[in-house]
Amino acid sequence: MAADGERVAIVGAGLAGCLLAVLLGRRGIPVTVYERRPDPRIAGAERGRSINLAISARGLAALEQVGLRDQSLKQALPMHGRMVHPLPGAQNFQPYSADGERAINSISRAELNRSLLDTAEATPGVTLRFSQRVTGVDTEAGAILLEDAGAEPAGVVLAGDGAYSAVRRSMELDEDADFLEHGYKELTVPPRDGEFALDPDALHIWPRGTAMMIALPNLDRSFTCTLFWPKGDFGALDTPAKVTAHFERHYPDVAGLMPDLADDYELNPIGSLVTVRCRPWTRYGPGAKVALLGDAAHAIVPFFGQGANCAFEDCIEIDRCLAETGGDWGRALTLYQERRKANTDVIAEMALDNFVEMRDRVSSPVYRAKQAAAHALERRLAGRYVSRYELVSFSTMPYAEIPARIRRQNRALAGAVLGSAAVLGLGVRALLRRRR
Ligand code: FAD
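Residues numbered from 1 in each chain as written. Predicted model: local features only at pLDDT ≥ 70, side-chain atom pairs only at ≥ 80, totals over all residues. Heavy atoms only, no water.

Our next topic: the site of the ligand. Residues in contact with the ligand amount to 30 residues; listed here are only the nearest, A16, E35, A54, D295 and A308. One of the backbone nitrogen or oxygen atoms of V134 is found 2.9 Å away from a nitrogen atom of the ligand. Here an oxygen atom of the ligand sits 2.8 Å away from a polar atom, N or O, in the main chain of A308. When residues of the shell around the ligand are traced back to their parent elements, those giving at least two are α1 (15–26), β3 (52–55) and α12 (307–324). Along the lines of polarity and charge, the residues of the shell around the ligand split into 13 nonpolar, 10 polar and 7 charged. (Near = heavy atom within 4 Å. Polar contact = N/O pair within 3.5 Å; in protein donor to acceptor, adjacent residues only side chain to side chain. Helix = DSSP H or I, 4+ residues; strand = E, 2+ residues; numbered from the N terminus. Nonpolar A, V, L, I, M, F, W, Y, C, P; charged D, E, K, R; others polar.)

Our focus in this paragraph is the state of the cysteines. A full pass over the atoms with the stated rule returns 0 disulfides. Looking at C278, it has no disulfide partner, and the nearest cysteine sulfur is the one in C310, 13 Å off. With no disulfide of its own, C321 has C315 as its nearest cysteine by sulfur position, at a separation of 12 Å. (Disulfide = S-S within 2.5 Å.)

Taking strand neighbours across the sheet as the criterion, the 6 strands line up as β8-β2-β1-β12-β19-β18 in an open arrangement whose pairing is mixed. In this open sheet, the two strands that pair with only one neighbour each are β8 (126–129) and β18 (282–284). Averaged over neighbouring strand pairs, the angle between their axes works out to 15 degrees when direction is ignored. With 3 bridges connecting them, β18 and strand β19 (residues 289–292) associate as antiparallel partners. Bridge pairing links Y284 to K289 in β19. Sheet contacts for α1: β1 (8–11), β2 (31–34), β8 and β12 (156–159); angle to β1, the most-contacted strand, approximately 160 degrees. (Pairing = 2+ DSSP bridges. Axes fitted to C-alpha atoms, helices over the stretch in contact; angles between N-to-C directions. Contact = heavy atoms within 4.5 Å.)

For the rest of this paragraph, the subject is the pattern of salt bridges. Throughout the structure, instances matching the rule amount to 28 salt bridges. Among the ionic pairs, R58 bridges to E313, the shortest N-O distance being 3.2 Å. Residue R58 is located in helix α3 (residues 57–65), and its partner E313 is located in helix α12; the two are separated by 255 residues in the primary sequence. Just as R58 is buried, E313 falls in that class too. Put simply, D178 and R277 hold a salt bridge, and the shortest N to O gap is 3.5 Å. With D178 in strand β13 (residues 174–189) and R277 in strand β17 (residues 271–279), this pair connects stretches of sequence that are 99 residues apart. What makes R277 partly exposed here is its relative accessible area of 26%. One continuous salt-bridge network, built from bridges that share partners, spans D39, R41, D118 and E121. (Salt bridge = Lys/Arg side-chain N within 4 Å of Asp/Glu carboxyl O. Buried < 20%, exposed > 50% of the residue type's maximum accessible area, 1.4 Å probe, protein only.)

On to the layout of surface pockets. Taken as a whole, the second largest pocket encloses approximately 660 Å³ of empty space. Surrounding the second largest pocket, 27 residues form its lining, E357, Y367, K370, Q371 and A374 being those nearest its centre. Residue classes in the lining of the second largest pocket are distributed as 12 nonpolar, 8 polar and 7 charged. In terms of domain composition, the lining of the second largest pocket takes at least three residues from each of domain 1 (8–76 + 108–175 + 275–357) and domain 3 (364–435). (1 Å grid on protein atoms, 1.4 Å probe; cavity = no way out; pocket = protein on both sides within 12 Å on 5 of 7 lines; lining within 4 Å. Points joined across faces, edges and corners; volume = space filled by probe spheres on them. Domains from an automatic or database assignment.)

If you check the domain split of the protein, you get domain 1 (8–76 + 108–175 + 275–357), domain 2 (179–272) and domain 3 (364–435). For domain 1 versus domain 3, the separation of C-alpha centres amounts to 37 Å. Of the residues lining the interface, 18 residues belong to domain 1; the matching set on domain 3 comes to 15 residues. Summed over both partners, the interface of domain 1 with domain 3 comes to about 1,300 Å²; 58% of that surface belongs to carbon and sulfur atoms. (Buried area = accessible area lost by both parts, 1.4 Å probe.)

Let us now look at the packing of α12 against helix α13 (residues 329–359). Where α12 contacts α13, the axes come no closer than 8 Å and their chain directions differ by 150 degrees. With respect to α13, the axis of α12 lies roughly antiparallel. Between α12 and α13 the crossing geometry is right-handed. When α12 is examined against α13, the residues C310, E313, D314, E317, I318, R320, C321, L322 and E324 are found in contact with a partner set consisting of W329, A332, L333, L335, Y336, R339, R340, T344 and I347. Across the contact of α12 with α13, the residue classes break down as 10 nonpolar, 1 polar and 7 charged. (Parallel < 35°, antiparallel > 145°, perpendicular 65-115°, else oblique. Left-handed = near helix turned anticlockwise from the far one by under 90°.)

Another aspect to go through is helix α14 (residues 365–380). With 16 residues, α14 extends 22 Å from end C-alpha to end C-alpha; this agrees with the ideal 22 Å at 1.5 Å per step. Among all positions in α14, only Y367, A374, H375 and E378 are buried. The buried residues of α14 all sit within an arc of 100 degrees when viewed along its axis, so they share a single face. Turned more than 90 degrees from where α14 packs its buried face, P365, V366, R379 and R380 sit exposed. Those residues of α14 that are buried lie in contact with β5 (81–84), β6 (92–95), α13 and α15 (388–393). (Expected span 1.5 Å × (residues − 1). Arc of directions from axis to C-beta.)

Next up, the structure:
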């Protein structure tokens, strides 16, 4: 039983559900995890849903807490920057950090999920139940509702059942699911002569205005590409010849590296991209307390590579709040929501903003000059000037503190520039004229 004697259920054995199960099991709290799918370690991945993730500082810090950091890094490939493929023009590499040393890590979501499932299964007190679709929670009676097996008692329900969460729907919250007009489709660049066909040390981006393709490397020396495009446009390529011609025209440096392009394009599904904003994340009834976490609470678009990183932070926060409240679930879950909501709101906006940056700005010479200037400042003012990308991807500073920190830095910088101008005897007007 839980710290205060409740029977604890986790819905969803995805990334967040598994990590939370491990954390609670280690705290001596028995949990049952209900997962809709069959065991993916036996059933394998669905076609076109392989998704490799960029895991960065936040995700790694969370994995470290359950001893999975090093193992995960062994299954990952570091990417030290973006390789931008403009049209026309030569590809150019843009390092993620000022010193060029820091990297985000490309890891297969399925592999990471398998490691977490193995760890959860090996944790005393954790029970995994597959092929169990949860349809809702009865907070009066204290029960979790299963599609095929009726109701089962549960006093605490922690819902990590993803962006389209059935538990969230059953809670009838104040909810807004904001779908992008863009969808995505996975494609593959296989190894060429046994080697990577593109530079494996980079996240590749083909910015094309309304469309964008990215590619992340895999351990088997292939790349998983993800094409983002307005959903209505995918259908225009309705024959293999049209697919090939489109890629040869718009993605000429990679089209020839995709021998299965036409099949992948035809057979792989189009995924949706949604930002979920809802409140509250908790519901307490006489029989059960419910809380949402991960994508179920705050699905975000993938353009900052933070959805899973952020979901892992939720798990760490729930565990921390339980410790701080002496295992009082009601207080712990309320505290968890208070601490996380502002952070997840901020990363949701930054992720949307980054879409424009990736599909448009990265190829502009002005953007590249600004990036170079920002990195020069970071080197010069080490620790005092840190870019937004670094703060998001290479630190664990709460997301909600990042915008204010960036504003403070920019103010200080503007002050310093004006100060030096005064020393040099330049009038403010003259300086502003020069800045224009
Ligand atoms: P999920 O991983 O979706 O897990 C939910 C689990 O619940 C699943 O196992 C599902 O089968 C189960 N489930 C669903 N409904 C039920 C039910 N009714 N009953 C029982 N079980 C149920 N994040 C990053 O950090 N970096 C990236 O680079 C990145 N890239 C991405 C690229 C794309 C194209 C997409 C779509 C997402 C990307 N993300 C990335 C986001 C990341 O995949 C998610 O944020 C992360 O998987 C969320 O974890 P979760 O456990 O909350 O949900």
